[in-house]
Amino acid sequence: MTQDRNIEKAIAQVDAVLAGELRAPHVRAFFHEPTFTASYVVSDDATRRAAIIDSVWDFDQPSGRTSFEAADEIVAYVQEQGLTVDWILETHAHADHLSAAPYLQEKLGGKLAIGSEIITVQGVFGKIFNEGTEFARDGSQFDRLLEDGEELMIGEIPLIALHVPGHTPADLAYIIGDAAFIGDTMFMPDYGSARADFPGGDAHKLYRSVRRLMNLPDQTRVFLCHDYKAPNREEFVWETTMLAERTANVHLHKDVTEDEFVEMRTQRDATLEMPRLILPSIQVNMRGGHLPPPEDDGTSYLKVPVNKL
Ligand SMILES: [Fe+2]
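Predicted, not measured: the structure shown is a model, and the values here were computed from it.

Reading the values: rules and limits
Residues numbered from 1 in each chain as written. Predicted model: local features only at pLDDT ≥ 70, side-chain atom pairs only at ≥ 80, totals over all residues. Buried ≥ 20, exposed ≤ 12 C-beta atoms within 10 Å, placed from the backbone. Helix = DSSP H or I, 4+ residues; strand = E, 2+ residues; numbered from the N terminus. Contact = placed C-beta atoms within 7 Å. Pairing = 2+ DSSP bridges. Right-handed = clockwise from strand over helix to strand, strands pointing away.

Caption draft 1: Focus on helix α5 (residues 203-213). Within α5, burial applies to A203, L206, Y207, S209, V210, R212 and L213. Next to the buried residues of α5 lie α1 (5-18), β11 (172-176), β12 (179-181) and α7 (258-269).

Set out below in structure tokens:
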């Protein structure tokens with residue numbers, strides 16, 4: 001036993017699916033190659049209720065133009081399948097793509113949820129972007145702020161939110177039936193782990209979050225937020241199992257100690273460039289996917305803080 005009631009609850013939920021006592025959710029992935037992001041529609045076949053996880057709003061940085069190509073694919077799928085969207089979920093405030101949550105909410109309905117620690121992220125980045133008092137740092141841009149262990153329903157299939165900080169302070173994993181949407185914690189076993197060097201990131205916490213997730217049963221279906229291919233792999237893959245992660249993850253397999261991981265992660269992070277879209281992404285995603293309020297000409301502007309990141 002782990003003395004961690006919330007992970008115990010998630011283990012029991014996956015076991016119930018494996019024992020045939022609980023329906024497994026249907027998972028449809030949408031891979032956005034420009035940002036290497038996997039978005040998901042997770043649905044209950046019997047009730048046709050669904051959740052959307054980590055959507056993408058296309059943004060062309062050179063022209064400052066947005067478009068809804070990726071989001072419209074999700075809208076088309078949901079409509080074609082006759083699904084009712086109850087939840088639009090973010091695993092965290094992404095630094096590499098803008099969220100399409102407000103657009104999807106307008107088209108499909110559903111409530112927008114993220115981890116309650118988003119208020120910490122809003123505090124950190126509110127400062128970095130020198131936002132005025134009109135930028136609320138209380139998470140009020142979201143419909144629901146989730147704590148560790150909180151439960152939602154996707155039709156008749158339960159969802160358990162697990163707080164898995166490290167990449168950012170607010171990261172959540174969503175365990176829906178036997179499917180774990182682990183956000184930016186681990187990537188495919190041959191690629192390793194998410195970076196931990198953004199403001200508020202912490203490699204020690206990331207290690208502990210992953211070890212916590214690794215308590216889930218071997219057969220847990222694991223869905224990633226990103227894939228970047230890997231040496232000797234030419235195809236994008238965004239689904240694996242907990243057994244594969246535990247035995248073969250190049251950064252975090254079960255024999256790697258916390259000190260070894262932190263040393264490796266810190267050295268590697270020092271060599272990484274900032275994500276191409278970090279500045280627009282954070283400014284939009286800390287607002288629940290909304291642009292900053294328009295200026296007096298009706299246009300929204302995104303800032304570039306010089307020498308701040
Ligand atoms: Fe991320």
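Caption draft 2: Up close: the pairing of strand β7 (residues 111-115). Counting buried residues in β7 gives 4 out of 5 residues, a clear majority hidden from the surface. Direction of pairing for strand β6 (residues 84-89) relative to β7: parallel, over a ladder of 3 bridges. Bridge pairing in β7 links W87 to K111. Regarding the hand of the β-α-β motif, the stretch spanning β6, helix α3 (residues 101-108) and β7 is right-handed. Pairing of β7 with strand β8 (residues 144-146) involves 3 bridges; the strand directions are parallel. The residue bridging A113 from the neighbouring strand is R144, located in β8. One crossover worth recording links β7 to the parallel β8 by way of helix α4 (residues 118-128), and it is right-handed.

Caption draft 3: Looking closely at the pairing of strand β10 (residues 157-163). Within β10, 6 of the 7 residues are buried, which leaves it mostly tucked inside the rest of the structure. Bridge count for strand β9 (residues 151-154) against β10 is 4 bridges, and the pairing is antiparallel. Looking across to β10, one finds that M153 is bridged to P158. Hairpin remark: β9 followed by β10, antiparallel, with 2 residues in the connecting loop; positive phi at G155, about 60°. With 5 bridges joining them, β10 and β11 adopt antiparallel strand pairing. For L162, the partnering residue across the bridge sits in β11 and is A173.

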